[in-house]
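Structural overview for review
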Amino acid sequence: GHPNICRRPCILLMRGACQKGAACGFCHVAHEARVPSFDKQQRDFLKHLPPATFLEMILPYVRKAVEESELPGAGQVLQLLESEIVIRAPGGTTVQRIPRKIRYVLQRMSLANLVSLTCSTLPGRFPKLMSIELKNLRETAMILEVCAP
């Protein structure tokens, strides 16, 4: 599951002070780079997009992250996203040209980051469904890690 669906790095561990071990809600495996994030202007741009346009914009990035994850069940996240696009825009939408700086960040985001972005950007019940799918993926990854020889 690391780094595609793991949580943010544990800053207490980085300081050598995390006592929680496996019970910690953050990732205890080294990360190669800082978690990509948007600046305020980019977040505002995303917040003002129509929901269907936002979903279609992130679809290729989610598809790529799912294909690269090799985790059983990762396709559920993609299916959920595609279904929501059909519900929100039955006739399809025209994806706006994505600003270069936003593309740059999206390309570097993990599957977990993309799901979190979706959850923080969109209103309604859909973000909760995406969160549940991410939680299920994390649980599957933990089971596979425990069962691996």
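Use the structure listed above.
Residue positions are counted from 1 within each chain, in the order its sequence is given. A pLDDT threshold of at least 70 governs which residues receive local features in this predicted model, and a stricter bar of 80 or more applies before side-chain atom pairs are shown or counted, although totals over entire chains, interfaces and linings include all residues. Only heavy atoms go into the side-chain values, all of them from the structure, while hydrogens and water stay out.

A closer look at the packing of aromatic side chains
Aromatic pairs are defined between Phe, Tyr and Trp rings, using the six-membered ring for Trp, whenever the two ring centres lie within 6.5 Å; interplanar angles under 30 degrees are classed as stacked, those over 60 as edge-to-face, and all others as tilted. Summed over all chains, the structure comprises 0 aromatic pairs. Here, over-ring charges are defined by two tests on the NZ atom of lysine or the CZ atom of arginine: distance to the ring centre within 6 Å, and angle to the ring normal within 35 degrees. It is Arg-108 that lies over the ring of Tyr-104; its NZ or CZ is 3.6 Å from the centre.

Let's talk about the packing of helix H3 (residues 51–69) against helix H6 (residues 111–121)
Angles shown run from 0 to 180 degrees and are taken between the N-to-C directions of axes, each axis being a line fitted to C-alpha atoms and, for helices, limited to the stretch in contact. Strands are runs of DSSP state E lasting at least two residues, helices are runs of H or I lasting at least four, and both sets are numbered from the N terminus onward. Axis separation between H3 and H6 bottoms out at 9 Å; the angle between their running directions is 160°. By the angle between their axes, H3 is roughly antiparallel relative to H6. Once H3 is placed against H6, the crossing between them reads as left-handed. Every residue of H6 that contacts H3 at Phe-54, Leu-55, Ile-58, Tyr-61, Val-62, Ala-65 and Val-66 is listed here: Leu-111, Leu-114, Leu-117, Thr-118 and Thr-121. Each angle receives one of four descriptions, namely roughly parallel if under 35 degrees, roughly antiparallel if over 145, roughly perpendicular if within 65 to 115, and oblique otherwise. A clockwise turn of the near helix away from the far one marks a right-handed crossing, whereas an anticlockwise turn of less than a right angle marks a left-handed crossing. Whether two residues are in contact is decided by their heavy atoms: any pair within 4.5 Å suffices.

Focus on H3
Between the first and last residue of a helix there are one fewer steps than residues, each counted as 1.5 Å, and that sum is the expected span. The terminal C-alpha atoms of H3 lie 25 Å apart, and with 19 residues this matches the ideal 27 Å at 1.5 Å per residue to within 8%. When the local axis directions of H3 are compared, the greatest deviation, roughly 40°, occurs at Leu-59, which is followed within four positions by the proline Pro-60. Fitting axes to the seven residues ending at a residue and to the seven starting there, one defines the bend at that residue as the angle between these axes.

Examining the packing of H3 against helix H5 (residues 100–108)
Closest axis-to-axis distance for the H3/H5 pair is 9 Å, and the angle between their directions is 40°. Crossing of H3 over H5 shows right-handed handedness. Residues Met-57, Ile-58 and Tyr-61 of H3 form the contact with H5, whose own contacting residues are Arg-103, Leu-106 and Gln-107. Here the residues of the contact of H3 with H5 sort into 4 nonpolar, 1 polar and 1 charged. Each residue is assigned to one class: nonpolar for Ala, Val, Leu, Ile, Met, Phe, Trp, Tyr, Cys and Pro, charged for Asp, Glu, Lys and Arg, and polar for all the others, Gly among them.

Some thoughts on the nonpolar core
Buried residues of nine kinds, namely Ala, Val, Leu, Ile, Met, Phe, Trp, Tyr and Cys, make up a nonpolar core once their side-chain atoms join them within 4.5 Å. Only protein chains enter the accessibility calculation, which uses a 1.4 Å probe. A residue is then buried if its area is under 20% of the maximum for its type, exposed if over 50%, and partly exposed in between. Phe-54, Val-62 and Leu-106 are the most contacted members of the largest nonpolar core, which has 34 residues in total. Mapped by element, the contributors of at least two residues to this core are H3, helix H4 (74–88), H5, H6 and helix H7 (126–147). It is H3 that contributes the most residues to this core, 9 residues altogether. Apart from the residues within four sequence positions on either side, Phe-54 is in contact with Leu-46, Leu-49, Leu-117, Thr-118, Thr-121 and Leu-122.

Some words on H5
Every buried residue of H5 is listed here: Ile-102, Val-105 and Leu-106. Projected onto a plane normal to the axis of H5, the buried residues spread over an arc of 100° and lie on a single side. More than 90 degrees from the buried face of H5, the exposed residues found are Arg-100 and Lys-101. On its buried face, H5 sits against helix H2 (40–47), H3 and H6. In this context, the arc is that of the directions from the helix axis out to the C-beta atoms.

With respect to the environment of Leu-106
In this structure, Leu-106 sits in helix H5. Judged by relative accessible area, which is 1%, Leu-106 ranks as buried. Separated by 46 residues in sequence, Leu-106 and Pro-60 have C-alpha atoms that sit 9.8 Å apart. Those residues in contact with Leu-106 that lie beyond four places of it in its chain are Phe-38, Met-57, Ile-58, Tyr-61, Leu-114 and Leu-117.

Notes on the pattern of salt bridges
Here, a salt bridge means any side-chain nitrogen of Lys or Arg that lies within 4 Å of a carboxyl oxygen of Asp or Glu. Considering all chains together, one arrives at 5 salt bridges under this definition. The shortest N-O distance in the salt bridge between Glu-68 and Lys-64 comes to 3.2 Å. Of this pair, Glu-68 and Lys-64 both sit in helix H3, 4 residues apart, which is roughly one turn of that helix. Its relative accessible area of 47% is what places Lys-64 among the partly exposed residues. Glu-139 is the salt-bridge partner of Lys-135, the closest N and O atoms lying 3.3 Å from each other. Of this pair, Lys-135 and Glu-139 both sit in helix H7, 4 residues apart, which is roughly one turn of the helix.

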